[in-house]
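Summary of structural features
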Amino acid sequence: MYTMKKSTTPKHPDTRLTTSGRDPEANFGIVNPPVYHASTVTFPTLAALHEAEKHKFEQVYYGRYGTPTTFAFEQAVADLEGAKHCIALPSGMAAIAVALAANVQSGDHVLITDNAYYPTLKFAHGFLAKFGVEASYFDPLVGASIGEHIRPNTKIIFAEAPGSITFEVQDIPALANAAHKAGALMVMDNTWSAGYHFKPFDHGVDISIQAATKYIVGHSDAMLGTLTTNDRTLWERAKTTAGTLGHSTGPDDCYLGLRGLRTLAVRLARHEATALKLAHWLAARPEVETVLHPALPSCPGHAIWKRDFTGSTGLFGIVLKEGPDQSAIARLLDGMELFAMGFSWGGYESLIIPADPAHVRTAYVWPYKGQTLRLHAGLEDADDLIQDLEAGLKRLNA
Ligand SMILES: *Cc1c(COP(=O)(O)O)cnc(C)c1O
């Protein structure tokens with residue numbers, strides 16, 4: 001039977017993406033871990049039952065806490081982000097909700113970046129508020145001045161860098177430093193970088209979450225979330241909260257997440273190259289007011305991206321010049337051939353969607369009047385995508 005040799009030298013992250021979480025020795029030599037479906041797990045003796053209870057978070061105990069398929073996926077994501085611990089959750093939103101809910105109680109305050117994924121903001125003011133937790137939002141470019149927003153009862157600073165609609169890149173080390181000085185936790189939504197181009201625990205983050213639905217699954221066919229941390233207490237607290245809320249992450253979805261990780265590095269390289277090509281092409285178009293791509297100097301927080309990230313991915317935004325009315329925007333969007341309109345992103349297919357940042361910002365004024373569009377560069381040929389965009393801009397002008 002084939003045994004995976006224990007690594008004796010440190011391996012490149014791309015190598016580890018192909019090896020982490022594999023255990024062929026335990027699975028007849030088969031390369032991939034099988035999909036274990038389980039609710040009941042049986043114990044031969046009373047002593048074994050009590051022993052299993054003590055280790056219920058890291059061994060097979062009951063279906064809701066995971067099966068060997070879950071654990072393999074969690075191990076690989078922890079390795080990707082440079083964490084000791086990971087929890088697979090049924091969606092990115094579940095990971096956000098668990099990270100927040102596990103670490104606050106009535107009377108506490110959380111500070112969230114104003115450009116976060118909107119359901120994150122809504123979870124804070126629409127759900128946590130019911131339990132006496134207050135939320136306020138900060139300008140994503142606040143940097144070290146975050147201290148002015150911290151209150152004696154602030155327990156969490158929550159960042160999403162770059163924000164997935166408007167792409168401002170936050171200064172995570174500055175936020176983390178202020179959080180730790182105040183005894184608060186630094187929590188980050190790391191979905192844009194896929195955990196590949198930003199290593200949260202090298203920059204002071206305590207808990208990182210991802211919508212693995214996006215790049216990790218990578219094929220638009222499963223919902224999945226991850227929560228990683230280096231702190232065992234935070235991990236146990238999150239595990240307990242996830243279990244108490246009844247979260248159970250499907251083993252088939254963990255399998256798809258694990259399979260996605262094997263090709264993450266090559267897919268991201270292509271997403272990055274195509275998105276950069278499209279972003280530069282769009283920046284030169286007369287219809288475009290600005291391009292919101294962290295790797296372009298026009299993006300707020302570009303210098304921080306350059307300092308802290310090792311690359312970019314396929315998701316970026318543009319703001320059109322003021323002028324075209326909604327029927328012109330509809331002509332542009334309705335006629336797209338390759339860019340589909342739809343939520344989510346991170347799959348192999350290109351997407352385009354209108355956004356309305358002015359109506360959700362509360363901590364600062366959105367400076368643009370023109371239509372904001374969010375694009376996801378898929379794995380299609382970049383020149384075909386440019387042709388699609390060019391035809392769209394022609395319809396916009398028609
Ligand atoms: C999609 C997304 C989420 C939510 O993930 P789901 O798996 O759809 O619940 C969270 N954060 C960001 C940045 C996202 O893009």
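Rules behind the numbers
- Residues numbered from 1 in each chain as written.
- Predicted model: local features only at pLDDT ≥ 70, side-chain atom pairs only at ≥ 80, totals over all residues.
- Heavy atoms only, no water.
- Near = heavy atom within 4 Å.
- Polar contact = N/O pair within 3.5 Å; in protein donor to acceptor, adjacent residues only side chain to side chain.
- Areas by Shrake-Rupley, 256 points an atom, 1.4 Å probe, with all protein chains shown as cover.
- Helix = DSSP H or I, 4+ residues; strand = E, 2+ residues; numbered from the N terminus.
- Nonpolar A, V, L, I, M, F, W, Y, C, P; charged D, E, K, R; others polar.
- Pairing = 2+ DSSP bridges.
- Axes fitted to C-alpha atoms, helices over the stretch in contact; angles between N-to-C directions.
- Disulfide = S-S within 2.5 Å.
- Buried < 20%, exposed > 50% of the residue type's maximum accessible area, 1.4 Å probe, protein only.
- Parallel < 35°, antiparallel > 145°, perpendicular 65-115°, else oblique.
- Left-handed = near helix turned anticlockwise from the far one by under 90°.
- Contact = heavy atoms within 4.5 Å.

1. Considerations on the site of the ligand
Among the 14 residues in the neighbourhood of the ligand, the closest are listed as Gly 92, Met 93, Asp 189, Thr 213 and Lys 214. Within the side chain of Thr 213, a nitrogen or oxygen atom sits 2.5 Å from an oxygen atom of the ligand. Contact distances for the ligand include 2.6 Å between an oxygen atom and a side-chain N or O atom of Lys 214. Computed on the free molecule, the ligand has an accessible area of 380 Å², of which 93% lies beneath the protein chains in the complex. The element that contributes the greatest number of residues to the shell around the ligand is helix 4 (residues 92-101), accounting for 3 residues. When grouped by side-chain class, the residues that make up the shell around the ligand number 6 nonpolar, 5 polar and 3 charged.

2. Some details on the sheet that holds strand 3 (residues 134-138)
The strand order 1-7-6-5-4-2-3 describes an open sheet built from 7 strands, whose pairing is mixed. A single partner strand is all that each edge strand has here, and the edge strands are strand 1 (85-89) and strand 3. Strand-to-strand twist of the sheet, defined as the mean angle between neighbouring strand axes without regard to direction, takes the value 20°.

3. Notes on the state of the cysteines
By the definition in use, this model includes 0 disulfides. We note that Cys 86 lacks a disulfide partner, and the nearest cysteine sulfur, in Cys 254, lies 8.9 Å from it. Overall, the relative accessible area of 5% leaves Cys 86 in the buried class.

4. Topic: the packing of helix 9 (residues 264-283) against helix 12 (residues 382-397)
Two measures define how a pair of helices packs: the angle their axes make with one another and the distance between the axes. Across the interface, helix 9 lies against helix 12 with an axial gap of 10 Å and an inter-helix angle of 30°. One element, helix 9, and the other, helix 12, form an angle in the roughly parallel class. The hand of the helix 9/helix 12 crossing is right-handed. Along its contact with helix 9, which presents Thr 274, Lys 277, Leu 278, Trp 281 and Leu 282, the element helix 12 presents Ala 382, Asp 383, Leu 385, Ile 386, Leu 389, Glu 390 and Leu 393. Residue composition of the contact of helix 9 with helix 12, grouped by class: 8 nonpolar, 1 polar and 3 charged.

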